[in-house]
Amino acid sequence: MKKICLFVLTFLPAVIFAQKNNIMPDPVDLINPLMGTDSKPSLSNGNTYPAIALPWGMNFWTPQTGKMGSGWQYTYEANKIVGFKQTHQPSPWMNDYGEFSIMPATGSLKIAEAKRANWFSHKAEIVKPYYYSVYLADADVTTEITPTERSAQFRITFPKNDSSSVVIDAYDKGSYVKIIPGENKVIGYSTKNANGPLKNFKNYFVIYSDKPITLAKTYSDTTLQSGLELSADHALAVIGFKTTRGEKVHLRVASSFISMEQAELNLKREQGNDSFDVTKQKARSIWVKTLNHVEVEGGTIDQSRTFYSCLYRMLFFPNKLYEINAKGEIVHWSPYNGKVLPGYMFAGTGFWDTFRALYPFLNLVYPSINKEMQEGLINDYKEGGWLPEWSSPGYADVMVGNNSASVAAEAYLKGLRGYDIETLYKALVHDANAEGPNAAGRRGVDYYNKLGYVPYDVNINENAARTLEYAYDDFSIYQLGKALHKPEKEIAVYKQRAMNYKNLFDPSIGLMRGKNKDGSFETPFNPFKWGDAFTEGNSWHYTWGVFQDVQGLVNLMGGKKQFIAKLDSVFILPPVFDDSYYHTVIHEIREMQIAGMGQYAHGNQPIQHMIYLYDYAGAPWKAQYWARETMNKMYKATPDGYCGDEDNGQTSAWYVFSALGFYPVCPTSGQYVIGAPLFKKATLNLENGKKVVINAPANSPANKFVTGATYNGKPYTHNWFSHLELMNGAIINFDMSAVPNKQKGINDSDFPYSLSNEK
């Protein structure tokens with residue numbers, strides 16, 4: 001109690017001083033890793049867990065409140081912790097792979113999860129990106145964790161006890177443990193994987209204790225075994241020792257997908273002889289350096305917390321699957337053939353989500369890590385024969401589209417170099433013209449290439465969504481082909497297919513609609529029906545999925561006036577829905593229904609860009625209004641702080657881009673569409689040494705409209721910024737007002753790129 005009081009008395013004056021002097025705390029200290037953790041399958045407020053890790057690290061750590069195998073491994077409303085889990089989970093829906101957990105205990109041994117569970121309180125929990133601490137009440141133990149990329153340190157403070165212990169749970173579905181008391185060491189592996197079998201898949205781990213092991217036992221599930229080495233469906237190890245009050249026991253933990261020897265090497269390379277506090281400080285410094293690429297000023301403390309909590313979520317996936325061998329070479333275990341091969345490899349992302357804003361942000365602010373990711377994609381193709389559309393790791397059979405085309409094309413178009421782009425281009429062309437395993441390639445490709453759409457009546461689900469996304473992906477291939485100076489005859493077909501969205505537009509209702517093989521539209525048709533022809537959305541959401549040619553969509557709707565009226569309707573319509581395709585109200589439907597924004601379903605990806613389409617029709621002030629409304633209403637750095645699944649950085653990336661004042665509606669166009677900045681000042685410290693400074697000194701809750709702008713000192717009227725120009729550095733000044741300037745950005749020459757306007 002004295003220590004807690006002393007901390008409060010020490011900490012408060014610093015906070016008061018900072019507030020009085022308008023000094024913003026360091027960004028890493030503004031992050032709330034619990035943002036989005038108050039979720040459940042029926043209603044997502046983010047569906048996140050507190051990831052204690054380094055940016056893009058191979059391993060994350062999280063307190064585990066859910067049962068073994070549950071994707072909801074940590075939920076804010078839970079009262080008990082059952083272990084501290086090494087996780088690689090991208091989302092609860094995809095679940096985890098290669099996980100294992102560590103749980104300290106005192107008193108009589110309790111092996112089963114439910115029995116070893118300990119009560120805890122968020123009041124006695126400290127959660128930072130680089131550090132976690134919690135008091136386990138039943139055991140009277142405090143557990144602290146701090147990470148490196150492939151390892152972690154635990155500091156466990158025990159009470160006076162003759163039977164203090166640590167349970168190492170290697171999980172079910174095939175695992176192994178071995179205790180080596182003479183080396184104060186436990187080794188093992190986990191093969192648990194939620195998404196099916198993988199060749200030669202093991203997550204090897206090694207754990208060292210700095211306190212001599214005096215108790216050593218192994219268990220098959222809850223049954224005690226006779227030896228100290230065990231292979232079983234569900235293997236566990238227990239190590240124990242006598243402790244004095246306040247004694248701190250340190251564990252050093254590392255893992256590898258390659259071998260036990262590599263796990264040892266990862267531990268030695270990343271920790272050396274560093275103490276817990278040194279490892280913690282190094283982890284914090286890495287977060288500070290990474291976050292400092294983006295500085296915001298002049299917002300409220302809550303806005304800054306939300307901004308950096310979102311940025312934190314954007315810096316994990318896809319995460320590194322590669323390691324560094326004894327020769328200092330980059331190597332990886334391949335989820336495609338089970339071999340250990342040279343080069344980069346990443347896992348844990350779905351391009352259906354992340355092509356929209358997460359990858360564009362990496363290209364702008366963190367291009368060096370995306371270069372590694374592009375090299376990883378090349379290895380995906382070489383080793384598996386296809387590019388993954390969802391990897392966790394390998395090929396997962398979920399979602400639709402061929403959006404690896406956007407991810408790969410955008411990186412090159414925005415200036416990334418130094419990797420085998422020709423092989424990557426070959427992969428894009430290959431995948432665009434064939435149907436691959438699981439979600440790879442294009443399902444319904446023969447129909448799409450022949451008819452210009454995937455028909456509604458040929459037993460291919462979510463056909464209209466596939467058609468619209470394939471058309472954008474074809475545009476991306478066309479753009480990359482042009483940049484690589486491919487023959488006109490070769491790339492013309494992709495330009496032509498980029499217009500296939502027109503085949504699904506029904507002029508009688510002004511919306512996209514499934515179309516049968518014979519050319520007739522699906523009947524009956526309900527534009528409020530979720531799923532069926534669309535993916536986790538309805539026609540009101542997917543009609544706007546024409547990233548590459550918004551002008552063409554404007555034309556189909558009869559002109560700018562009609563287009564703007566249609567956009568307005570999204571917010572005016574009541575949140576009615578037809579859930580008959582799913583036979584239940586899926587959480588995405590419920591999140592739209594309760595948001596109070598009509599048919600605008602920001603909690604899911606298909607419509608997130610729609611607000612910025614006002615810029616293509618001469619009403620940018622409406623984009624400014626709705627962007628600010630969505631930021632204010634849908635995001636907060638609290639456990640219920642998202643309005644749907646966070647989805648591997650995508651929903652966070654929408655907020656971060658929008659708070660800066662622009663958004664990548666069409667990633668492979670090379671443009672960002674302008675909205676309205678949230679802060680008085682924002683600075684992007686680019687990796688090339690340049691800066692993008694965004695000033696909006698009159699910004700305020702009332703002054704949400706951009707009435708004028710300058711770019712490097714010159715008046716700027718366009719509704720978009722160029723990526724390549726921003727990379728040269730820029731000073732952008734926004735004039736803000738409480739009254740919109742309805743004459744700004746209304747000329748066709750100021751509108752963002754559309755394929756229909758290409759000369």
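Predicted model, so just to flag it, every value in this text is computed and none were measured.

> An account of the sheet that holds strand β23 (residues 340-342) is requested, with residue identities and associated values reported.
Strand order in the open sheet formed by 3 strands is β21-β22-β23, and the pairing between neighbours is antiparallel. Here the strands that pair on one side only, and so sit at the sheet edges, are β21 (322-324) and β23. On average, each strand axis in the sheet is inclined to that of its neighbour by 40°, with strand direction left out of account. By the bridge criterion, 3 bridges tie β21 to strand β22 (residues 330-333) in an arrangement that is antiparallel. Within β22, the residue paired with glutamate 323 across the bridge is valine 331.

> Summarise the pattern of salt bridges; cite the residues concerned and give the values.
This structure, assessed with the given rule, holds 27 salt bridges. The shortest N-O distance in the salt bridge between glutamate 264 and lysine 185 comes to 2.6 Å. Here the residue glutamate 264 occupies a position in helix α4 (residues 260-271), and lysine 185 occupies one in strand β12 (residues 185-190), the gap between them amounting to 79 residues. Note on glutamate 264: relative accessible area 22%, which makes it partly exposed. Ionic contacts of the salt-bridge type, sharing partners, join the residues Glu149, Arg150, Glu270 and Lys320 into one network.

> I'd like a rundown of helix α19 (residues 620-634), residues and numbers included.
Relative to the 21 Å expected for 15 residues at 1.5 Å per residue, α19 spans 21 Å between its end C-alpha atoms, a close match to the ideal helical length. Looking at the buried side of α19, the elements it contacts are α17 (560-572), α18 (587-595), α20 (650-660), β33 (705-711) and β36 (730-737).

> So, the state of the cysteines: which residues are in play, and what are the values?
Taken as a whole and judged by the stated rule, the model has 0 disulfides. Here cysteine 310 is not cross-linked by a disulfide; its sulfur's nearest cysteine counterpart is in cysteine 643, at 10 Å. Judged by its relative accessible area of 0%, cysteine 310 falls in the buried class.

> So, the pairing of strand β31 (residues 681-685): which residues are in play, and what are the values?
Taken across its 5 residues, β31 has 4 buried, putting it largely inside the fold. Where strand β19 (residues 294-297) meets β31, 4 bridges bridge the pair, whose relative direction is antiparallel. Its bridge partner lying in β31, valine 294 is registered against leucine 684. Looking at chain direction, β31 and strand β32 (residues 691-695) are connected through 5 bridges and run antiparallel. Residue pairing in the sheet places leucine 684 in a bridge with valine 692 of β32.

> Which residues make up unusual backbone geometry, and what are the values?
Geometrically, the link from serine 392 to proline 393 is a cis peptide bond, its omega value of -15° lying close to zero. The topology assignment puts proline 393 in the loop between β26 (390-391) and α10 (404-413). In this chain, threonine 523 is followed by proline 524 through a cis amide linkage whose omega measures -5°. Mapped onto the secondary structure, proline 524 falls in the loop between β28 (511-512) and α15 (539-542). In this structure, asparagine 95 takes a positive phi of about 65° despite not being glycine. Counting through the fold element by element, asparagine 95 comes out in the loop between β3 (83-87) and β4 (100-105). One non-glycine residue, asparagine 648, lies in positive phi territory at about 55°. When you line up the elements, asparagine 648 lands in the loop between α19 and α20.

> Now, about the packing of helix α13 (residues 463-483) against helix α14 (residues 488-497): what can you tell me, with residues and values included?
Interaxial distance between α13 and α14 falls to 7 Å at its minimum, and their mutual angle equals 150°. Of the possible angle classes, the one that applies to α13 and α14 is roughly antiparallel. Note on packing geometry: the crossing formed by α13 with α14 is left-handed. Contacts between α13 and α14 involve Ala471, Asp474, Phe475, Ile477, Tyr478, Gly481 and Lys482 from the first element and Ile491, Tyr494, Lys495 and Arg497 from the second. A class-by-class count of the residues in the contact of α13 with α14 yields 6 nonpolar, 1 polar and 4 charged.

> Describe the packing of aromatic side chains, and please don't skip the residues or the numbers.
Inspection of the entire model under this criterion finds 56 aromatic pairs. The interplanar angle of 25° and the centroid separation of 6.1 Å between the aromatic rings of phenylalanine 201 and phenylalanine 257 together place this pair among those described as stacked. A residue pair is termed long-range when its members are at least 10 positions apart, and phenylalanine 201 in the loop between β12 and β13 (203-209) and phenylalanine 257 in the loop between β18 (247-256) and α4 qualify at 56 residues. Under the relative-accessibility criterion, phenylalanine 201 is labelled buried at 7%. Exposure remark for phenylalanine 257: the relative accessible area of 1% places this residue in the buried category. Above the face of the phenylalanine 521 ring, lysine 515 is positioned so that its terminal group lies 5.0 Å from the ring centre.

What counts, and where the lines are drawn
Residues numbered from 1 in each chain as written. Predicted model: local features only at pLDDT ≥ 70, side-chain atom pairs only at ≥ 80, totals over all residues. Heavy atoms only, no water. Pairing = 2+ DSSP bridges. Helix = DSSP H or I, 4+ residues; strand = E, 2+ residues; numbered from the N terminus. Axes fitted to C-alpha atoms, helices over the stretch in contact; angles between N-to-C directions. Salt bridge = Lys/Arg side-chain N within 4 Å of Asp/Glu carboxyl O. Buried < 20%, exposed > 50% of the residue type's maximum accessible area, 1.4 Å probe, protein only. Expected span 1.5 Å × (residues − 1). Contact = heavy atoms within 4.5 Å. Disulfide = S-S within 2.5 Å. Parallel < 35°, antiparallel > 145°, perpendicular 65-115°, else oblique. Left-handed = near helix turned anticlockwise from the far one by under 90°. Nonpolar A, V, L, I, M, F, W, Y, C, P; charged D, E, K, R; others polar. Phe/Tyr/Trp six-rings, centres within 6.5 Å; stacked < 30°, edge-to-face > 60°. Lys NZ or Arg CZ within 6 Å of the ring centre and 35° of its normal.

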